[in-house]
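Descriptive structure summary
Listed below are the residues making up each chain.
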Amino acid sequence: MTATLFSLTFLLAAPFWALMIFAPKWSWTKRIAESYLIILPVVAIYVVLMIPVLPELLPLVTRPELPALAQFMSTDVGATLVWAHMIAWDLFVGRWMYLEGRRLNVHPLVMAPVLVITILLAPVGLPLFLIVRKVCDATNRGAAVVTHQ
């Protein structure tokens, strides 16, 4: 069952990523992405995996020690739990990035690679997006000043 949940985790998130990357200007994409509910299927997998191991997991997250955490993560349940955590968080962050990109009118050809990097390497994708956001926000403010003169 754990292997199935591991595979299912990304499959449940992939359609939302596909919409944000391949159909960013479709009205339904924005409607769907505006809902926090898109992360709930992955969160449900996390909760299903977490409940049976909660007594083992709580000490690992409240008093983390590398050997114990590494041992837990080397199990199928531990690795799948961490995977579900990563997929849920990455989707949540990617969703925010997509919505911010739309708000700032970031071109889809700029956002697509940033979102792909976020899927693969979220700790790199987020600061990359923050740079894009800063540049676009400054550009938009500059354009607003020019148009109001």
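Our structure is the block above this text.
Anyway, here's the lowdown on the structure attached to this text. (Residues numbered from 1 in each chain as written. Predicted model: local features only at pLDDT ≥ 70, side-chain atom pairs only at ≥ 80, totals over all residues. Heavy atoms only, no water.)

A volume near 210 Å³ is recorded for the largest pocket. In terms of lining, the largest pocket is formed by Tyr46, Leu57, Leu60, Val61, Leu69, Phe72, Met73, Leu81, Val82, His85 and Met86. Breaking the lining of the largest pocket down by element, the ones donating at least two residues are helix 3 (40-62), helix 4 (66-73) and helix 5 (76-103). For the lining of the largest pocket, a count of residues per class yields 10 nonpolar, 1 polar and no charged. (1 Å grid on protein atoms, 1.4 Å probe; cavity = no way out; pocket = protein on both sides within 12 Å on 5 of 7 lines; lining within 4 Å. Points joined across faces, edges and corners; volume = space filled by probe spheres on them. Helix = DSSP H or I, 4+ residues; strand = E, 2+ residues; numbered from the N terminus. Nonpolar A, V, L, I, M, F, W, Y, C, P; charged D, E, K, R; others polar.)

Here we take up helix 3. Spacing of three or four residues puts side chains on the same side of an α-helix, whose turn is 3.6 residues. Taking 1.5 Å per residue, 23 residues should reach 33 Å; helix 3 reaches only 24 Å between its end C-alpha atoms and comes up short. Residue Leu54 marks the point of greatest curvature in helix 3, where the axis turns by about 85 degrees; the proline Pro55 follows within four residues. Listed as buried for helix 3 are Val42, Ile45, Leu49, Met50, Val53, Leu57 and Leu60. (Expected span 1.5 Å × (residues − 1). Bend = angle between axes of the 7 residues up to and from the residue. Buried < 20%, exposed > 50% of the residue type's maximum accessible area, 1.4 Å probe, protein only.)

Turning our eyes to something else, we now look at the packing of aromatic side chains. The relative placement of two aromatic rings is captured by the distance of their centres and the angle of their planes. Evaluation of the coordinates by the stated rule reveals 4 aromatic pairs. Between Tyr36 and Phe92 the ring centres are 6.2 Å apart and the planes differ by 25 degrees, which places this aromatic pair in the stacked class. Of the two residues, Tyr36 sits in the loop between helix 2 (27-33) and helix 3 while Phe92 sits in helix 5, which places them 56 residues apart along the sequence. Residue class for Tyr36 comes out exposed when judged on its relative accessible area of 54%. Between the aromatic rings of Trp96 and Phe129, the centroid separation amounts to 5.5 Å while the plane-to-plane angle is 80 degrees, which identifies the pairing as edge-to-face. Highlighted residues: Trp96 in helix 5 and Phe129 in helix 6 (residues 108-147), separated in sequence by 33 residues. Take Phe129: its relative accessible area is 0%, and that puts it in the buried class. Three or more aromatic residues joined by ring pairs make a cluster, and in this case those are Tyr36, Trp89 and Phe92. (Phe/Tyr/Trp six-rings, centres within 6.5 Å; stacked < 30°, edge-to-face > 60°.)

The subject of this paragraph is unusual backbone geometry. One non-glycine residue, Asn105, lies in the positive phi region at around 60 degrees. Tracing the backbone through its elements, the reader meets Asn105 in the loop between helix 5 and helix 6. Judged by relative accessible area, which is 65%, Asn105 ranks as exposed.

A separate point is a nonpolar patch on the surface. A cluster of nonpolar side chains, namely Val116, Leu120, Leu121 and Val124, defines an oily patch on the protein surface of about 370 Å² accessible area. Tracing the backbone shows Leu121 in helix 6. Exposure remark for Leu121: the relative accessible area of 51% places this residue in the exposed category. (Patch = residues over 30% accessible without salt bridge, like charges linked within 9 Å, V, L, I, M, F, W, Y side chains within 5 Å. Areas by Shrake-Rupley, 256 points an atom, 1.4 Å probe, with all protein chains shown as cover. Salt bridge = Lys/Arg side-chain N within 4 Å of Asp/Glu carboxyl O.)

With that settled, the discussion passes to empty space enclosed by the protein. Applying the stated criterion to the full structure yields 1 cavity of 30 Å³ or more. What the largest cavity holds in volume is close to 60 Å³. Contributing to the lining of the largest cavity are Met20, Pro24, Tyr98, Gly101, Arg102, Val106, Pro108 and Met111. Put simply, the parts of the chain that give the lining of the largest cavity at least two residues each are helix 5 and helix 6. Counting residues per element, the lining of the largest cavity draws most heavily on helix 5, which supplies 3 residues. Grouping the constituent residues of the lining of the largest cavity by class yields 6 nonpolar, 1 polar and 1 charged.

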